[in-house]
Amino acid sequence: MTTTVTVVECVVCGADVELDGTTLQGELIDCDDCGCELEVASVAPFTLREAPQEAEDWGQ
Ligand SMILES: [Zn+2]
């Protein structure tokens, strides 16, 4: 079985992040380059966004 790898740019540092056919929407991926957490916002096409930071204080 062939796995298609799609290369998407990290939204934080611009490094190439490889996603394959098993990647699901909402999945969290660590960028190997900057170490930040990325969320798969969409799978068709693959779109990444910076994952929400749980520790962040939004002033509530
Ligand atoms: Zn990165």
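Structure shown above.
Keep in mind that this is a model prediction, so the values were computed, not measured.

*Asks:* Provide a residue-level description of the environment of L38, including the pertinent values.
*Replies:* Structurally, L38 can be placed in strand 4 (residues 37-43). Using a relative accessible area of 0% as the deciding quantity, one classes L38 as buried. L38 has contacts with C10, V11, V12, V17, E27, L28, I29, C31, L48, R49, E50 and A51, leaving out every residue within four places of it along the chain.

*Asks:* Give a description of the sheet that holds strand 3 (residues 28-30) that names residues and reports values.
*Replies:* By way of backbone hydrogen bonds, the strands of a sheet pair with one another, either parallel or antiparallel. Read from one edge of the open sheet, three strands run 3-4-5, paired in antiparallel fashion. What marks the edges here is a single partner per strand, and that holds for strand 3 and strand 5 (46-50). Each strand of the sheet is rotated relative to its neighbour by a mean of 40 degrees, with strand direction disregarded.

*Asks:* Requested: an account of the coordination of the zinc ion, with residues and values cited.
*Replies:* Distances from the zinc ion to its protein donors, C10 (SG), C13 (SG), C31 (SG) and C34 (SG), fall within 2.3 Å. Classification of the site at the zinc ion rests on its four donor atoms, whose angles at the metal span 106 to 118 degrees, yielding the label tetrahedral. Since its relative accessible area comes to 3%, C31 is described here as buried. Here C34 falls in the partly exposed class, since its relative accessible area comes to 37%.

*Asks:* Residues and numbers for the pairing of strand 4, please.
*Replies:* In this sheet, strand 4 lies alongside strand 3 in antiparallel orientation, the contact comprising three bridges. Looking at strand 4, one finds that D30 is bridged to E37. Joining the antiparallel neighbours strand 3 and strand 4 is a turn of six residues, in which G35 adopts a positive phi near 80 degrees. The sheet contact formed by strand 4 and strand 5 spans five bridges and is antiparallel. Its bridge partner being in strand 5, S42 is matched across the sheet by T47.

What counts, and where the lines are drawn
Residue indices begin from 1 for each chain and proceed along its sequence in written order. In keeping with the model being predicted, local features are shown solely for residues with a pLDDT of at least 70 and side-chain atom pairs are shown and tallied solely at 80 or more, while totals for entire chains, interfaces and linings include all residues. As a convention, hydrogens and water are excluded, and side-chain values are obtained from all of the structure's heavy atoms. Helix numbers and strand numbers start at the N terminus; a helix is a DSSP run of H or I with at least 4 residues, a strand a run of E with at least 2. Note on classification: 1.4 Å probe, protein chains only; a residue is buried when its accessible area is under 20% of the maximum for its type, exposed when over 50%, partly exposed between these limits. Any two residues whose heavy atoms approach within 4.5 Å at even a single point are treated as in contact. We call two strands paired when DSSP finds no fewer than two bridges between them. With axes taken as lines fitted to C-alpha atoms, and helix axes fitted only over the stretch in contact, angles between N-to-C directions fall between 0 and 180 degrees. Note: metal donors comprise N, O and S atoms at 2.8 Å or less from the metal (3.2 Å for Na, K and Ca); water molecules are not included, so apparent gaps in a site are possible. Only two sets of limits are used to name each site, 85 to 135 degrees for every angle of a tetrahedral four-donor site, and over 155 degrees for opposite donors with all other angles from 65 to 115 for a square planar four-donor or octahedral six-donor site, with any other site named irregular.

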